[in-house]
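Listed below are the residues making up each chain.
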Amino acid sequence: MPRPESPTVRRIMLGIRLRALRTRAGVAADDAARHIARTDSTISRMETGQSSVSARVLERLVELYGATPDETAQLTKLAKAARQRGWWQRYDEVLHPGFGLYLGLEAEATEMHAYASEWVPGLLQTAEYAHAVLSVEPRPPSNEEIRARVEARLARQAILSGDAPLQYWVVLDEAVLRRAVGEAGVMAEQLRVLASLARRRNIKLQVLPFSVGAHPGTCGSFTVLTLDLGDAAVSEYAYVENRAGTLLMDKMPEVETHRLAFDSLRAQALSPRDSIAMIENIAAEWDEAGRLGA
């Protein structure tokens, strides 16, 4: 089953095409803004995919830009899809501000590279592990909020399977495997699931051992996403988050800095085969710890 379309990505694709049409027509952004009785910033937000485009505004823009009937039909279809609600929007009330935008991109990413320094990434978490992670926030959510966030986290994992699964490459700091998140049994099960997932063809998992010492990932976890936007257009984003919020970067120097850091980390990390062996060994250690603590 193919992955459902993301309205976030449709919005970005629409913006790219509108900008191309405006450039082809030789229309300045401020002239386009006056034509639809909006501000220059409105045109910028539309062309960068930060805001949706109403049917009426789109009709006036394609007229101004001299779009062909075929182009108009394609843009109308994109605009309609961009105004739909993504599955994650039903969790807006419990998700961190800004995370919905990331989920919209993740939903259609073709490739993701991630470095995790503290936790197992959400796409690879078990329900019990996710519950333990979400329970230690400075302002603990209610049980209902935790339940909804865990549900959202598990729903995200659908992109790892299906007809066109995400190609996911993860480097885990060894600390992720040894830090107790929940009880020993929770850790043992999480690591067994990790080892199983690491054997999938679309998932590559490596462990960065303590023996490496200082490395480019000491500033914290990050993710680099690659999206195919059609018409030979590929877009990349770098994503980081902390207690203050989320940061999604699309400028080439910012993305390249994170890509270079990931390349260095995966070069220093254990091979996928050795990483699986380490994960399984540490899972056995957690099992033993659970038996001794019982």
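These notes cover the structure that comes with them. (Residues numbered from 1 in each chain as written. Predicted model: local features only at pLDDT ≥ 70, side-chain atom pairs only at ≥ 80, totals over all residues. Heavy atoms only, no water.)

### Description of the environment of Val53
Logical step 1: Tracing the chain through its elements places Val53 in the loop between helix 3 (40–47) and helix 4 (55–65).
Logical step 2: In this structure Val53 comes out as buried when scored by relative accessible area, which is 2%.
Logical step 3: Residues Val53 and Leu78 lie 25 residues apart in sequence; the distance between their C-alpha atoms is 9.8 Å.
Logical step 4: Beyond its immediate chain neighbours, meaning those up to four positions away, Val53 contacts Leu14, Leu18, Met46, Leu58, Ala79 and Arg83. (Helix = DSSP H or I, 4+ residues; strand = E, 2+ residues; numbered from the N terminus. Buried < 20%, exposed > 50% of the residue type's maximum accessible area, 1.4 Å probe, protein only. Contact = heavy atoms within 4.5 Å.)

### Considerations on the packing of helix 1 (residues 7–25) against helix 4
Logical step 1: Axis separation between helix 1 and helix 4 bottoms out at 9 Å; the angle between their running directions is 35°. Packed against helix 1, whose contacting residues are Leu14, Leu18, Leu21, Arg22, Arg24 and Ala25, the element helix 4 presents Leu58, Leu61 and Tyr65 at the interface. (Axes fitted to C-alpha atoms, helices over the stretch in contact; angles between N-to-C directions.)

### A closer look at unusual backbone geometry
Logical step 1: One non-glycine residue, Ala37, lies in positive phi territory at about 55°.
Logical step 2: Note on placement: Ala37 falls in the loop between helix 2 (29–35) and helix 3.

### So, the pairing of strand 5 (residues 234–242)
Every regular strand shows the same layout, with side chains that alternate between the two sheet faces.
Logical step 1: Bridge count for strand 4 (residues 222–228) against strand 5 is six bridges, and the pairing is antiparallel. Counterpart to Leu227 in the pairing with strand 5 is Ser235. (Pairing = 2+ DSSP bridges.)

### Here we look at the nonpolar core
The tendency in soluble globular proteins is for nonpolar side chains to be buried as a group.
Logical step 1: Leu61, Leu124, Tyr168, Leu177, Leu191, Leu194 and Leu225 are the most contacted members of the largest nonpolar core, which totals 75 residues.
Logical step 2: The leading source of residues in this core is helix 10 (residues 184–197), at eight residues.
Logical step 3: The residues touching Leu191, leaving out its near neighbours within four places in the chain, are Leu177, Ile279, Ile282, Ala283 and Trp286.
Logical step 4: Core analysis: the second largest hydrophobic core is formed by 12 residues, Val171, Phe222, Met249 and Ala261 among them. (Core = buried A, V, L, I, M, F, W, Y, C linked by side-chain atoms within 4.5 Å.)

### A short note on the pattern of salt bridges
Logical step 1: Using the criterion set out here, one finds 20 salt bridges in the structure.
Logical step 2: Between Arg22 and Glu47 there is a salt bridge, with its nearest N and O atoms 2.7 Å apart. Of the two residues, Arg22 is situated in helix 1 and Glu47 in helix 3; the sequence distance between them amounts to 25 residues. Taken as a pair, Arg22 and Glu47 share a single burial class, namely buried.
Logical step 3: Salt-bridge contacts for Arg199 lead to Glu280; the nearest nitrogen and oxygen are separated by 2.9 Å. (Salt bridge = Lys/Arg side-chain N within 4 Å of Asp/Glu carboxyl O.)

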